[in-house]
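# Tertiary structure, described
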Amino acid sequence: MWHKGGCWCMRYVMGKVFYDTSGVMKCISYDNANVEYYSFLRECRNNGLHQVIITSEMMIELVKTSYADFGRKISKIEFMEEDSEADEYVNCLLKVIESNPYQLTKLLDYLMLIAEKSSVEIKRIYIKGPYVDGKADSFFVQSNGIIGINRESYDLISKEICTFTERCLFE
C-alpha cells in the first residue's frame, strides 16, 4: 500500500470518478507516474466529464456497503486534518472489528459524530476484500474521487464504485 517514502506502490491502478452530461458515472484510469494530474483533469473536463467529490457521509456509507454487501474490511482510514486522537481511536476500533465485526456500529457512530459535529473530514479509506481463488481485492477511495485498485480487480471494483457513487448522488 505505502512505501516508507509515502508513495503508492505500483500494484494499484489509479483512476478518478467522473460523471458525464447524462449523469452516468465513469471511472477513468490514468497513469499517475507519467501523466500530470491537472492535465488529466483538464482533458477529462474538455471531454464533458465532471469531477465527483466523495463526502465523508458517502465514505461512511462505503464502509457500511463494503462490510454488509461484499464482506470486505476497512484496513485504514485517513483524515484531512491531523488528529492523533481520532486516528488512534479509529485504528483501535479497526483492530477490534477484525475479531468482533459487531463493533462496526461503534466505528460508524464515531465517524458520523465527527462528520456532523466537527470539521474533521475523511480523506481516504483503504479496503480489502475476502480472498477468492487466492486473490483479494485491495483498493482505496479518496475524497477527491481518486481511486487506487489492485490490477486484477480494477474492472470489477471501479464499476462497483461508479454504481455506489451514482446511487449516493442521484437517488
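## Description of the overall build of the protein
Check the secondary structure of the protein and you find 5 helices and 7 strands. Taken from N to C terminus, the helices and strands of the protein fall in the order β-β-α-β-α-β-α-α-β-β-β-α. Whereas a compact globule of 171 residues would reach a radius of gyration of roughly 16 Å, the protein reaches 16 Å, a difference of no more than 12%. Taken over the C-alpha atoms alone, the protein extends approximately 45 × 40 × 35 Å along its principal axes.

## Quick look at the pattern of salt bridges
Applying the stated criterion across every chain, the model contains 6 salt bridges. As a salt-bridge pair, Asp 20 and Lys 26 come within 3.7 Å of each other at their nearest N and O atoms. Judged by its relative accessible area of 14%, Asp 20 is buried. Judged by its relative accessible area of 33%, Lys 26 is partly exposed. Here Arg 124 makes a salt bridge to Glu 78, at a shortest N to O gap of 2.5 Å. Here the residue Arg 124 occupies a position in strand S5 (residues 122-128), and Glu 78 occupies one in strand S4 (residues 73-79), the gap between them amounting to 46 residues. For Glu 78, a relative accessible area of 15% translates into the label buried. Taken together, the shared-partner salt bridges connect Arg 72, Asp 137 and Glu 160 into one network.

## Notes on the environment of Val 24
Counting through the fold element by element, Val 24 comes out in the loop between strand S1 (12-19) and strand S2 (25-30). Spatially, the C-alpha atoms of Val 24 and Ile 122 are 25 Å apart, while their sequence positions differ by 98 residues. Not counting chain neighbours up to four residues away, the residues in contact with Val 24 comprise Phe 18, Tyr 19 and Glu 166.

## Quick look at the layout of surface pockets
Quantified by volume, the largest pocket comes out at close to 160 Å³. Every residue lining the largest pocket is listed: Tyr 67, Lys 73, Ile 74, Ser 75, Asn 91, Leu 94, Lys 95, Ile 97, Glu 98 and Lys 128.

## Quick notes on helix H4 (residues 104-117)
With 14 residues, H4 should cover 20 Å at 1.5 Å per step; its first-to-last C-alpha distance of 20 Å lies within 8% of that length. Those residues of H4 that fall on the buried side of the exposure criterion are Leu 104, Leu 107, Leu 108, Tyr 110, Leu 111, Ile 114 and Ala 115. Buried residues along H4 cover an arc of 165° about the axis, so they all sit on one side. Opposite the buried face of H4, by more than 90 degrees, sit the exposed residues Asp 109, Glu 116 and Lys 117. On its buried face, H4 is in contact with helix H2 (56-70), S4, helix H3 (84-99) and S5.

## Topic: the nonpolar core
For soluble globular proteins, the rule of thumb is that nonpolar side chains tend to be buried together. Membership of the largest hydrophobic core comes to 40 residues, with the highest contact counts inside it found for Ile 77, Phe 79, Leu 107, Leu 111 and Ile 161. Looking at this core, the element that brings in the most residues is H4, giving 7 residues. Filtering out sequence-adjacent residues up to four positions away, Leu 111 remains in contact with Ile 60, Ile 77, Phe 79, Val 90 and Ile 122. Formed by 12 residues, the second largest nonpolar core is a distinct cluster that contains Phe 40, Leu 41, Cys 44 and Tyr 126.

## Quick look at the environment of Val 120
For Val 120, the position within the fold is in the loop between H4 and S5. With relative accessibility at 10%, the residue Val 120 sits in the buried group. Spatially, the C-alpha atom of Val 120 lies 19 Å from that of Phe 140, the residues being 20 residues apart in sequence. The residues contacting Val 120, other than those within four sequence positions of it, are Phe 79, Glu 81, Asp 83, Ile 114 and Ala 115.

## Quick notes on the packing of aromatic side chains
As enumerated under the stated definition, the model contains 8 aromatic pairs in all. Centroid distance Tyr 37 to Tyr 38: 5.3 Å. Interplanar angle 70°. Geometry classified as edge-to-face. Take Tyr 37: its relative accessible area is 18%, and that puts it in the buried class. Residue class for Tyr 38 comes out exposed when judged on its relative accessible area of 54%. When the centroid spacing of 4.7 Å and the interplanar angle of 65° are considered together, the rings of Tyr 89 and Tyr 110 count as edge-to-face. Of this pair, Tyr 89 sits in helix H3 while Tyr 110 is found in helix H4, placing the two residues 21 residues apart along the sequence. The class of Tyr 89 is partly exposed, set by a relative accessible area of 36%. Using a relative accessible area of 17% as the deciding quantity, one classes Tyr 110 as buried. Above the plane of the ring of Phe 140 lies Arg 124, whose end atom (NZ or CZ) is 5.6 Å from the centre.

Definitions and limits used
Numbers given for residues are sequential positions, taken from 1 along each chain in its written order. Given that the model is predicted, a residue must reach a pLDDT of at least 70 before its local features are reported, and side-chain atom pairs must reach 80 or more before they are shown or counted; all residues, however, enter totals for whole chains, interfaces and linings. Calculated side-chain values reflect all of the structure's heavy atoms, with hydrogen atoms and water omitted. Only DSSP runs of H or I covering at least 4 residues are called helices, and only runs of E covering at least 2 are called strands; the numbering of each starts at the N terminus. Within these notes, the globule rule equals 2.2 Å times the number of residues to the 0.38 power, and the radius of gyration is based on C-alpha atoms. What makes a salt bridge here is a side-chain nitrogen of Lys or Arg within 4 Å of a carboxyl oxygen of Asp or Glu, nothing more. Partly exposed describes any residue whose relative accessible area lies between the buried limit of under 20% and the exposed limit of over 50%, with all areas from a 1.4 Å probe on protein chains only and scaled to the type maximum. Contacts between residues were defined by any pair of non-hydrogen atoms, one from each residue, lying within 4.5 Å. The way it works is a 1 Å grid over only the protein atoms, where trapped points that fit a 1.4 Å probe form a cavity and open points with protein on both sides within 12 Å along at least five of seven lines form a pocket, and then any residue with an atom within 4 Å of a point lines it. Grid points are joined across faces, edges and corners, and a volume is the space filled by probe spheres set on the points. A helix is expected to span 1.5 Å multiplied by its residue count minus one. As used here, the arc belongs to the directions running from the helix axis to the C-beta atoms. In plain words, nonpolar cores are sets of buried Ala, Val, Leu, Ile, Met, Phe, Trp, Tyr and Cys residues tied together by side-chain atoms within 4.5 Å. Here a Phe, Tyr or Trp ring, Trp counted by its six-membered ring, pairs with any other such ring whose centre lies within 6.5 Å, and the pair is stacked when the planes are under 30 degrees apart, edge-to-face when over 60, and tilted otherwise. A ring is scored as having a charge over it whenever the NZ atom of a lysine or the CZ atom of an arginine sits within 6 Å of its centre and within 35 degrees of its normal.

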